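What follows is the residue order along each chain.
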Amino acid sequence: PTSAQLSVVPHSGRFRYTLDNDLLTTEQRQFYEDNGYLLIKKLVSDKDIERFRKEFMRICKREVKPPGVMIMKDESLKSQFGQSEKVVNKVQDFQEDEELFRYCTLPEVLKYVECFTGPNIMAMHTMLINKLPDSDKQTFLHPMHQDLHYFPFRPASRIVCAWTAMERAHQDNGCLVVQPGTHKTTLKPHGYPEWEGKTNKLFHGLLDEDEKIPKVHLVMEKGDTVFFHPLLIHGSGINRTSGFRKSISCHFASSDCHYIDVKNTTQEHLEKELEEMVRKKYNATSVELKDIWNFRARLVQGERINL
């Protein structure tokens with residue numbers, strides 16, 4: 001709604017993207033409605049972050065091998081650094097790792113998630129990102145994108161990402177960059193950007209980015225957590241420092257959400273690519289997108305209804 005319409009609708013009717021709750025202030029709800037994201041300071045404790053960091057190191061060193069986890073590496077650094085955090089860019093699908101999956105069950109995170117999804121909450125997609133130093137090749141620049149491009153379930157407004165900084169994230173080490181208000185747009189076509197030698201598997205980006213829309217760099221301290229809508233256009237810059245910028249995140253959805261068929265949509269080519277990857281990894285003859293998401297999804301609060 002436009003600001004002119006806001007004054008003539010009942011109070012609760014003005015909110016499309018948040019549900020009535022006792023946690024968010026009216027100002028916080030309005031900020032999310034207008035911008036598509038909400039930053040909560042110091043939400044996750046240093047103690048928990050330290051535990052996640054230690055488990056990440058154990059995965060890097062192959063001391064633990066959680067089933068189903070996808071470890072993304074810069075293979076060019078392997079000969080130099082071997083099995084270490086200096087090589088691993090991302091640990092994805094950690095739902096079978098008890099220690100990392102604790103993030104998705106933290107009561108302080110879930111109480112905010114519920115404001116967007118309602119009481120029946122599924123953890124759908126998990127990632128720990130370790131943005132490597134990368135000033136020249138820009139290998140780990142993630143182009144501007146909408147997360148809904150990856151998800152074959154709806155409605156979009158009952159999906160939310162919780163993204164927690166595991167150390168200070170700022171412009172120099174490649175913090176999140178968002179385009180406020182773009183969650184009100186539709187899902188746009190995505191694909192691999194035309195950067196010579198700089199594309200990562202499944203790092204899809206908008207094929208037609210509107211440079212005129214203002215960008216906001218989300219400078220975050222350790223433990224700060226941003227919640228954002230799956231249609232919000234966002235990305236991250238390159239890490240120009242010598243350190244590693246870590247973050248842990250989970251996409252949550254209401255278990256009332258339902259799967260959709262992405263055939264003949266802008267998401268169809270992603271479906272084919274993902275199914276092919278899973279077939280190769282598990283030597284499976286036939287895999288469907290819904291199977292992949294059923295494997296990833298975990299109930300973390302309430303009842304499992306559809307998903």
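In this text, all values refer to a predicted model and were calculated from it rather than measured experimentally. (Residues numbered from 1 in each chain as written. Predicted model: local features only at pLDDT ≥ 70, side-chain atom pairs only at ≥ 80, totals over all residues. Heavy atoms only, no water.)

Peer 1: Can you help me understand the pattern of salt bridges in this one?
Peer 2: Side chains that differ in charge, positive against negative, can pair when their charged atoms come close. Using the criterion set out here, one finds 17 salt bridges in the structure. Residues Arg 53 and Glu 50 are paired through a salt bridge, measuring 3.5 Å at the closest nitrogen-oxygen approach. Of this pair, Arg 53 and Glu 50 both sit in helix α3 (residues 46-60), 3 residues apart, which is roughly one turn of that helix. Residue Asp 210 is joined to Lys 212 by a salt bridge in which the shortest nitrogen-to-oxygen separation is 3.7 Å. You can call Lys 212 exposed: its relative accessible area is 73%. (Salt bridge = Lys/Arg side-chain N within 4 Å of Asp/Glu carboxyl O. Helix = DSSP H or I, 4+ residues; strand = E, 2+ residues; numbered from the N terminus. Buried < 20%, exposed > 50% of the residue type's maximum accessible area, 1.4 Å probe, protein only.)

Peer 1: Could you clarify how one ought to interpret the packing of aromatic side chains in this entry?
Peer 2: For any two aromatic rings, the description comes down to two numbers: the centre-to-centre distance and the angle of the planes. Tallied over the full model, the rule gives 9 aromatic pairs. Where Phe 31 meets Tyr 37, the ring centres are 5.3 Å apart and the plane angle is 90 degrees; that geometry is what we call edge-to-face. Classification of Phe 31 as partly exposed rests on a relative accessible area of 35%. Residue classification places Tyr 37 among the buried positions, given a relative accessible area of 8%. Where Tyr 112 meets Phe 227, the ring centres are 5.6 Å apart and the plane angle is 25 degrees; that geometry is what we call stacked. You can see Tyr 112 sitting in helix α6 (residues 107-117) and its partner Phe 227 sitting in strand β12 (residues 225-228), a full 115 residues away along the chain. (Phe/Tyr/Trp six-rings, centres within 6.5 Å; stacked < 30°, edge-to-face > 60°.)

Peer 1: Sorry, what's going on with empty space enclosed by the protein here?
Peer 2: Empty space left among the atoms is revealed by rolling a probe the size of a water molecule over them. As enumerated under the stated definition, the model contains 2 cavities of 30 Å³ or more in all. Taken as a whole, the largest cavity holds about 440 Å³ of empty space. Lining the largest cavity are 31 residues; nearest its centre among them are Lys 90, Met 127, Ile 129, His 142 and His 145. The set of elements that each furnish at least two residues to the lining of the largest cavity consists of β3 (88-92), β4 (121-131), β5 (142-145), β7 (159-165), β13 (234-236), β14 (245-254), α7 (268-282) and α8 (289-296). Counting residues per element, the lining of the largest cavity draws most heavily on β4, at 4 residues. Each residue belonging to the lining of the largest cavity can be placed in one class, and the counts come to 15 nonpolar, 10 polar and 6 charged. (1 Å grid on protein atoms, 1.4 Å probe; cavity = no way out; pocket = protein on both sides within 12 Å on 5 of 7 lines; lining within 4 Å. Points joined across faces, edges and corners; volume = space filled by probe spheres on them. Nonpolar A, V, L, I, M, F, W, Y, C, P; charged D, E, K, R; others polar.)

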